[in-house]
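If you want the building blocks of each chain, they are given just below.
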Amino acid sequence: MKRVAVFWLVVGVIGWALLPWYLTEGGFWRFGWLVDMSGTNASALGGALTGKLWLWLPLLGFVGAAISLGLGRTQLATARGLFASGTAGLALLMGQALLIGTRFGLWEAENPGIGAGAFVTAAALLFIATTGISGLGKGRGDAFVTGLVGAIIGLVAIFVFFPLTFILVRAFELKGGAGLGFSEFLPRFFSSTIWGIGCITGGGSCGPAVNSFLLGLSTAAGTTFMGLMFALIFTRTDFRAKKLLRVLTVLPIITPPFVIGLALILLFGRAGTITEFFSWAFGWEKTRWLYGFHGVWLAQMLSFTPIAFLVLIGVVEGVSPSMEEASQTLDANRWQTFRFVSFPLMRPGLANAFLLGFIESIADFGNPLVLGGNFNVLSTEIYFAIVGTIADPAQAAILSITLLTFTLSAFLAQRFWVGKKNYATVTGKADSGRHAALNPALRWTAYLVALPWAFFTMVLYALIIFGSFVKLWGYDHTFTFEHYLRGFKIVVRNGVHFTGAAWDSYFTTLTISAIAAPLTAAVGLATAYLLVRQKFTGKNAFEFSTMLSFAIPGTVIGVAYIMAFNFPPIELTGTGLILIIVFIFRNMPVGVRGGIAAMSQLDKSLDEASIMLGANSATTLRRVILPLMGPAILAALTYSFVRAITSVSAVIFLVSARHNMATSFIVGRVENGEYGIAIAYASVLIVTMLVVILAMQLVIGRRTLRRADRVEAH
């Protein structure tokens, strides 16, 4: 404990005394502050010596920690002193940042947004406090565990709860700006315009809350079932085209916004290619069936089935063959083995896949915007309440709370279904068996469900590629490279010059996504490790808080980030850092749910054996658990990388001239009617993401759980 505390004490003092306390001109990583350490480039020590006396306050936490380490007579006394010092120092740092020179401050003074020095100081004080907690016997006395819990709680508090308060407080605003109160909240929350059930009773249309709920249930059930069928084909059959099928299953998740909706319109819309064909061949009446529930559901099935597949493939693969062999030894047939042994052990994965599908559906913005028609859902209603002709932030906040109600209900239902049963099947014991083959009926069901869906996906994307090489898809099919040249032209003259209009946003998008993806996966899997492997007070609330950002529509997140981070104490708008942060905390829950599903199958005896042999929790996580979690790591990296590239709802509010993203560029082209260049750009992004995903698969490899896996690998 003392060694860890001394390390963070030294790091914190260095951050306070040497690093720039405020945001530096030109950015921290350009190191201009090393040349000129005055003004906003000064450290806390420099600022305190020039009159900003409040910058001395965080130092008191380090002084207290040093005294505790030097004078503490017992480990318990030292631990209490470290906890008190770290907590007090952190509170003083937050107090001076929030209450001096800010919009809700108590004192007027020059106190710009915090920078690297303040961040390092805050982190050091936090870890000093969590080290003290471990010394008190919490977290099994492991400083790594308590530090990890503290770090994730701190990050979620700053980048999820803090910005959301700026939006949610609007739900309690009284009309005319007369302050806050509850008198108008409940009538607006239970309004029939939100909860109308006319579509169920036959008395008209339903409200956006009911529409979102029904759509969420349908999409979650469909994507979970489809993902399971694909996972069974990959793990329990000898289907020869698995590699091609793997590519087709991930294509929709790497598709930029509006492309699937646009492709469906050009195929099944009133003037779509397939609609025209059936009208000509069979005399069918042209209808607008695509615009509404059915069209949005179809688009969401295409978009979100890969998420269920990425979660389920590792879970299905992790079911121990020895249990299936034991079932068959007891004279059970293949169907009985699957129904009573294999399927129940997949329950965590199925529950997590369903939960992710439901949350993705109700928070989806792009597909309902393109295909919704008169079918209103919560996410689009929130968007129009914020940016509509008559902006109504209070209504947007109430709709956001409604959406959170659904999310919480789904979360509790998932917890109830999974329960506290043990699903561990990877125990570390020798296992050389192979998975039981599927019975013929189930195998052919999987083939008949998944393969036509894969073929439909392949046709859809072939047409998307086709649309990028014609002048105007649906009207003028003259072959042309014009769209690619406008976006990605390269001139080789006195060097290489990227003159295409899309290059700037393309390089920015790849850079930010490459930074955000591993950070997102790391935070998500670390959270899953704590939830599955550790016990601590408030664990259920902690788990729900990590899902909160995933449940809020990106439009709300974007506006909340602008409100929260456009002024001190944390100024991030207009920077690339705010994009990285929003990607991390928007996409982290997928890593969490996938990690939980995978770790639930790893018996805790593996951890105990490692710890008994002298390894600490950090070494056990690195050397034992992570090597067995290849599919979960790949799922987290894949999803976070492609979602950083394809996200639009939050990004559209946060991009700047200096940091323009691909999705913002594509949306601009769609709004201007330039569908050709939008589809061409989307095609380039799809190819880019496929290459990156295949590279990640090669680097991470396949986890080896059994001797049979080693034979196949060689």
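Residues numbered from 1 in each chain as written. Predicted model: local features only at pLDDT ≥ 70, side-chain atom pairs only at ≥ 80, totals over all residues. Heavy atoms only, no water.

1. Quick word on the overall build of the protein chain
Worth spelling out the cut-off: What counts as a helix is a DSSP run of H or I of at least four residues, what counts as a strand is a run of E of at least two, and both are numbered from the N terminus. Put simply, the radius of gyration uses C-alpha atoms, and a globule should come to 2.2 Å times the residue count raised to 0.38. Whether a residue is buried, partly exposed or exposed follows from its accessible area with a 1.4 Å probe, protein chains only, as a fraction of its type maximum: under 20%, in between, or over 50%, in that order. Between two residues, a contact is recorded if the distance between any of their heavy atoms is within 4.5 Å. Accessible surface area values rest on a Shrake-Rupley calculation with a 1.4 Å probe, where residue burial reflects the displayed protein chains alone.
Counting its secondary structure elements, the protein chain contains 33 helices and four strands. Here the C-alpha atoms of the protein chain give a radius of gyration of 27 Å, agreeing with the 27 Å that 2.2 N^0.38 yields for 714 residues. Taking the principal axes of the C-alpha coordinates as reference, the protein chain spans close to 85 × 70 × 65 Å. The buried share among the 714 residues of the protein chain stands at 55%. For the protein chain, restricting intrachain contacts to residue pairs at least 6 apart in sequence, the fraction spanning at least 24 positions comes to 74%. Only carbon and sulfur atoms are counted for the fraction: they give 66% of the accessible area of the protein chain, which is about 31,600 Å².

2. Digging into unusual backbone geometry
Residue Pro569 is reached from Pro568 by a cis peptide bond, and omega for that bond is 15°. Within the secondary structure, Pro569 is located in the loop between α25 (554–565) and α26 (576–599). Its identity as a non-glycine residue notwithstanding, Asn494 has a phi of 55°, on the positive side. Note on placement: Asn494 falls in the loop between β3 (490–492) and β4 (496–498).

3. What about helix α14 (residues 293–318)?
For an α-helix the count is 3.6 residues per turn, leaving residues at separations of three or four pointing the same way. The line we're drawing: By definition here, a helix of n residues has an expected span of 1.5 Å times n minus one.
Along its 26 residues, α14 runs 36 Å from first to last C-alpha, staying within 8% of the 38 Å computed at 1.5 Å per residue. Summarising burial for α14: 23 of the 26 residues are buried, a large majority.

4. Structural notes on the pattern of salt bridges
Working definition: two side chains of opposite charge can pair if their charged atoms are close together. The condition is simple: Here a salt bridge means any side-chain nitrogen of Lys or Arg lying within 4 Å of a carboxyl oxygen belonging to Asp or Glu.
Across all of its chains, the model carries four salt bridges by this definition. Its salt-bridge partner being Glu360, residue Arg643 comes within 2.8 Å of it at the nearest N-O pair. Placement of Arg643 in helix α29 (residues 630–646) and of Glu360 in helix α17 (residues 347–363) is noted, with a sequence separation of 283 residues between them. Assigned by exposure class, Arg643 and Glu360 land together as buried.

5. Here we look at the environment of Thr87
Tracing the chain through its elements places Thr87 in helix α4 (residues 75–99). Take Thr87: its relative accessible area is 37%, and that puts it in the partly exposed class. Separated by 562 residues in the primary sequence, Thr87 and Ser649 place their C-alpha atoms 37 Å from one another.

6. Looking at the nonpolar core
This is how it is decided: Side-chain atoms within 4.5 Å are what join buried Ala, Val, Leu, Ile, Met, Phe, Trp, Tyr and Cys residues into a set we call a nonpolar core.
Ranked by internal contacts, the top residues of the largest apolar core, which has 179 residues, are Leu264 and Tyr561. Every residue in contact with Leu264, bar those within four places of it in the chain, is listed here: Gly269, Leu290, Leu298, Ala299, Leu302, Leu371, Phe456 and Leu460. In this structure, Ala17, Trp54, Leu59 and Ile100 belong to the second largest nonpolar core, which totals 23 residues.

7. Remarks on a nonpolar patch on the surface
Spelled out, the test is: Two joining distances apply to patches: 9 Å for like charges and 5 Å for nonpolar side chains (Val, Leu, Ile, Met, Phe, Trp, Tyr), and every residue must have over 30% relative accessible area and no salt bridge.
Together, Ile197, Ile200, Phe213, Leu214, Leu217 and Phe354 make up a nonpolar patch on the protein surface, roughly 490 Å² of accessible area in all. Of the residues forming the nonpolar patch, the biggest block, three residues, is contributed by helix α10 (residues 208–236). Tracing the backbone shows Phe354 in helix α17.

8. A short note on the packing of aromatic side chains
Let me state the cut-off plainly: Only rings of Phe, Tyr and Trp enter the pairing, Trp through its six-membered ring, and a pair is recorded when the two centres are within 6.5 Å. The plane angle decides the type: under 30 degrees is stacked, over 60 is edge-to-face, the rest tilted.
In this structure the tally under the stated criterion is 45 aromatic pairs. Ring geometry for Phe282 against Trp284: centres 5.7 Å apart, planes inclined by 35°, an arrangement best described as tilted. For Phe282, a relative accessible area of 52% corresponds to the exposed category. Measuring from ring centre to ring centre gives 5.9 Å for Phe488 and Tyr506, while their planes differ by 85°; the resulting arrangement is edge-to-face. One end of the pair, Phe488, is in helix α22 (residues 482–488); the other, Tyr506, is in helix α23 (residues 503–533), and 18 residues separate them in sequence. The same class applies to Phe488 and to Tyr506, which are both buried.

9. Some points on the packing of α25 against α26
Applied cut-off: Lines are fitted to the C-alpha atoms to define the axes, a helix being fitted only along its stretch in contact, and any angle between axes, read from their N-to-C directions, falls within 0 to 180 degrees. Note on terminology: angles under 35 degrees are roughly parallel, angles over 145 are roughly antiparallel, angles of 65 to 115 are roughly perpendicular, and the others are oblique. Helix crossings get a hand from a simple test, with the near helix turned counterclockwise from the far one by less than a right angle marking a left-handed crossing and a clockwise turn marking a right-handed one. Think of it as three bins: nonpolar holds Ala, Val, Leu, Ile, Met, Phe, Trp, Tyr, Cys and Pro, charged holds Asp, Glu, Lys and Arg, and polar takes everything else, Gly as well.
Two elements in contact, α25 and α26, have axes separated by 12 Å at closest approach and are oriented at 135°. Classified by the angle between their axes, α25 and α26 sit oblique to one another. Once α25 is placed against α26, the crossing between them reads as right-handed. Each of Gly554, Ile557, Tyr561 and Phe565 in α25 lies in contact with α26, whose residues at this interface are Ile578, Ile581, Val582, Phe585 and Arg586. Residues that form the contact of α25 with α26 fall into these classes: seven nonpolar, one polar and one charged.

10. Quick notes on the packing of helix α5 (residues 116–135) against helix α6 (residues 143–168)
It is the contact of α5 with α6, at a shortest axis distance of 8 Å, that shows an interaxial angle of 135°. Classified by the angle between their axes, α5 and α6 sit oblique to one another. Helix-helix and strand crossings are classified by hand; for α5 and α6 the assignment is right-handed. Only Ala143, Thr146, Gly147, Gly150 and Ala151 of α6 make contact with α5, whose side of the interface consists of Leu126, Phe127, Thr130, Thr131, Ile133 and Ser134. Residues that form the contact of α5 with α6 fall into these classes: five nonpolar, six polar and no charged.

11. A few points about the side chain of Asn352
Of note, Asn352 is situated in helix α17. For Asn352, a relative accessible area of 1% puts it in the buried group.

12. Overview of the confidence of the model for the protein chain
The predicted structure's coordinates, where accompanied by low pLDDT, should not be read in detail. The test is simple: A residue's pLDDT is the predictor's confidence in that residue, given on a scale from 0 to 100.
Within the protein chain, residue pLDDT values average 83, and 93% of them lie at 70 or more. Confidence drops under a pLDDT of 50 for residues 422–430, and excluding neighbours within four residues, the segment shows 31 contacts in the predicted structure. Contacts of residues 703–714 to residues separated by more than four positions or lying in other chains number 32 contacts, the stretch itself having pLDDT below 50.

13. Digging into helix α19 (residues 378–387)
Burial analysis of α19 places seven of its 10 residues in the buried class, which makes it a mostly covered element. Looking only at α19, the buried set comprises Leu378, Ser379, Thr380, Ile382, Tyr383, Ala385 and Ile386.

14. As for the environment of Thr520
As for its placement among the helices and strands, Thr520 is situated in helix α23. Residue Thr520 is classed as buried on the basis of its relative accessible area of 2%. Through-space distance from the C-alpha of Thr520 to that of Ile584 is 4.6 Å; in sequence the pair is 64 residues apart. Apart from residues no more than four positions distant in its own chain, Thr520 is found in contact with Phe583, Ile584, Asn587, Met588 and Ser640.

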